[in-house]
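Results of the structural survey
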Amino acid sequence: DQQVKQNSPSLSVQEGRISILNCDYTNSMFDYFLWYKKYPAEGPTFLISISSIKDKNEDGRFTVFLNKSAKHLSLHIVPSQPGDSAVYFCAATSNFGNEKLTFGTGTRLTIIP
Amino acid sequence: GAGVSQSPSNKVTEKGKDVELRCDPISGHTALYWYRQSLGQGLEFLIYFQGNSAPDKSGLPSDRFSAERTGGSVSTLTIQRTQQEDSAVYLCASSLGSYTGELFFGEGSRLTVL
């Protein structure tokens with residue numbers, strides 16, 4: 001029972017263009033969503049988050065959009081840079097104050113110079 | 001050290017043997033988590049320690065898995081009578097325990113069961 005789904009296992013984007021990574025969830029109790037980034041042989045690192053009371057959160061080149069009615073969120077990276085090449089995990093949790101995260105399977109992003 | 005430290009980084013064992021994986025969290029972090037990532041899968045929650053509260057063991061896949069956290073700091077994940085399906089990267093994370101969702105992960109321990 002995959003409650004957080006990332007249906008694209010991989011994505012290739014030209015340097016300088018926009019990267020859009022998608023994530024869908026099934027549990028309507030989820031109220032806080034996060035993106036983590038993972039380089040090979042390293043642990044995941046926190047990238048950006050969004051609460052269900054918002055529909056957009058922006059941090060520099062990274063913006064996360066949340067569509068609660070569609071149970072869908074996306075991460076936009078613009079402009080994409082070679083250092084953005086990594087695996088991106090979407091994560092979600094419920095009951096504000098609970099840090100037990102449910103992760104998706106990840107999307108491998110490759111930025112083409 | 002400044003980050004979450006895990007050991008060993010790689011462990012190869014024979015089916016049926018017991019293994020112990022160690023996690024040293026960031027100093028001052030009250031919450032500690034164990035996750036695992038099997039090939040082609042997402043990160044699967046295993047167990048969660050928060051301060052002196054009883055741990056949340058709801059993610060442990062079988063009674064062969066156990067974990068403890070001594071003195072509110074170092075944690076050990078023990079897998080008894082390992083099976084081939086236990087092969088995965090075991091990731092430890094810690095956090096301040098205040099709600100941000102921001103977990104700090106170690107580099108993981110890659111377990112291979114032959």
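Residues numbered from 1 in each chain as written. Chains lettered and ligands numbered in written order. Predicted model: local features only at pLDDT ≥ 70, side-chain atom pairs only at ≥ 80, totals over all residues. Heavy atoms only, no water.

1. Notes on the sheet that holds strand S3 (residues 19–24) of chain B
Sheets are built from strands that pair by backbone hydrogen bonding, the pairs being arranged parallel or antiparallel. Residue and element names in this part refer to chain B. Here is the rule we go by: Whether two strands pair comes down to DSSP finding at least two bridges between them. Note on conventions: DSSP H or I runs of at least 4 residues are helices, E runs of at least 2 residues are strands, and numbering of each starts at the N terminus. Each axis is a line fitted through C-alpha atoms, and for a helix only the stretch in contact is used; angles between axes span 0 to 180 degrees, taken between their N-to-C directions.
Reading across the sheet, the four strands line up as S1-S3-S7-S6 and stay open at both edges, with antiparallel pairing between neighbours. In this open sheet, the two strands that pair with only one neighbour each are strand S1 (5–7) and strand S6 (65–69). Neighbouring strand axes in the sheet, compared pairwise and without regard to direction, differ in orientation by 15° on average. With three bridges connecting them, S1 and S3 associate as antiparallel partners. Its bridge partner lying in S3, Ser 7 is registered against Arg 22.

2. Looking at the environment of Ser 69 of chain A
As a reminder, the rule being used: Here a polar contact is taken to be a pair of N or O atoms separated by no more than 3.5 Å, where protein atoms must pair a possible hydrogen donor with a possible acceptor and residues adjacent in sequence count only if both atoms sit in side chains.
When you line up the elements, Ser 69 of chain A lands in the loop between strand S7 (62–67) and strand S8 (72–77). Within polar-contact distance, the side chain of Ser 69 of chain A engages the side chain of Asn 67 of chain A at 2.8 Å.

3. Quick notes on the interface of chain A and chain B
Rule in force here: The contact rule is simple, with two residues in contact once any of their heavy atoms fall within 4.5 Å. Buried area is understood as the total, over both parts, of accessible area removed when two parts are fitted together, assessed with a 1.4 Å probe. Salt bridges are identified by distance alone: a Lys or Arg side-chain nitrogen within 4 Å of an Asp or Glu carboxyl oxygen.
Contacts between chain A and chain B engage 20 residues on the former and 23 residues on the latter. It is Glu 99, Lys 100 and Phe 103 of chain A in chain A that bury the most area against chain B; as a group they hold 38% of the surface buried on that side. Here chain A is connected to chain B by one salt bridge. With a closest N to O distance of 3.2 Å, Lys 100 of chain A and Asp 56 of chain B form a salt bridge.

4. Points about the sheet that holds strand S3 (residues 19–25) of chain A
All names here are of chain A. Pairing is antiparallel in the open sheet, where five strands are placed in the order S1-S3-S8-S7-S6. A single partner strand is all that each edge strand has here, and the edge strands are strand S1 (4–5) and strand S6 (56–59). Taken together, the two bridges between S1 and S3 define a ladder with antiparallel strand orientation. The residue bridging Lys 5 from the neighbouring strand is Asp 24, located in S3.

5. A closer look at the pairing of strand S9 (residues 86–94) of chain A
Residues and elements named next belong to chain A. Cut-off, in case you're wondering: Buried, partly exposed and exposed residues are distinguished by accessible area as a fraction of the type maximum, computed with a 1.4 Å probe on protein chains only: under 20%, between the cut-offs, and over 50%, respectively.
Counting buried residues along S9, nine of its nine residues qualify, which places the element largely inside the surrounding structure. Taken together, the eight bridges between strand S4 (residues 30–38) and S9 define a ladder with antiparallel strand orientation. The residue of S9 that forms the bridge with Trp 35 is Cys 90. The sheet contact formed by S9 and strand S11 (residues 107–112) spans three bridges and is antiparallel. Its bridge partner being in S11, Ala 86 is matched across the sheet by Leu 109. Inspection of the sheet shows S9 paired to strand S10 (residues 102–103) by two bridges, in the antiparallel sense. Considered in S10, the bridge of Ala 91 is made with Phe 103.

6. Points about the pattern of salt bridges
A complete count under the given rule lists seven salt bridges over all chains for this structure. Where Glu 58 of chain A meets Lys 56 of chain A, a salt bridge forms, and the shortest distance between an N and an O atom there is 4.0 Å. Exposure remark for Glu 58 of chain A: the relative accessible area of 51% places this residue in the exposed category. The closest approach of N and O atoms between Asp 24 of chain B and Arg 22 of chain B, which form a salt bridge, is 3.9 Å. Residue Arg 22 of chain B is classed as partly exposed on the basis of its relative accessible area of 40%.

7. Focus on the side chain of Asp 84 of chain A
Residues and elements named next belong to chain A. Looking at the secondary structure, you find Asp 84 in the loop between S8 and S9. With relative accessibility at 2%, the residue Asp 84 sits in the buried group. Polar contacts involving the side chain of Asp 84 include one to the main-chain amide nitrogen of Gln 81, which spans 2.7 Å. Setting aside its immediate chain neighbours within four residues, Asp 84 contacts Lys 37, Arg 61, Phe 62, Ile 77, Pro 79, Leu 109 and Ile 111.

8. Some details on the side chain of Ser 52 of chain A
Relative to the assigned elements, Ser 52 of chain A resides in the loop between strand S5 (45–51) and S6. Those residues in contact with Ser 52 of chain A that sit more than four places away from it in its chain are Asp 31, Leu 66 and Lys 68 of chain A.

9. Points about the pairing of S6 of chain B
Residue and element names in this part refer to chain B. Every second residue of S6 is oriented toward a common face, the buried set being Phe 65, Ala 67 and Arg 69 and the non-buried set Ser 66 and Glu 68. Bridge count for S6 against strand S7 (residues 75–79) is five bridges, and the pairing is antiparallel. Counterpart to Ser 66 in the pairing with S7 is Thr 78. Once S6 ends, the chain turns through five residues before running back antiparallel as S7, passing Gly 71 with a positive phi of about 60°.

What is shown is where atoms sit, not what they do.
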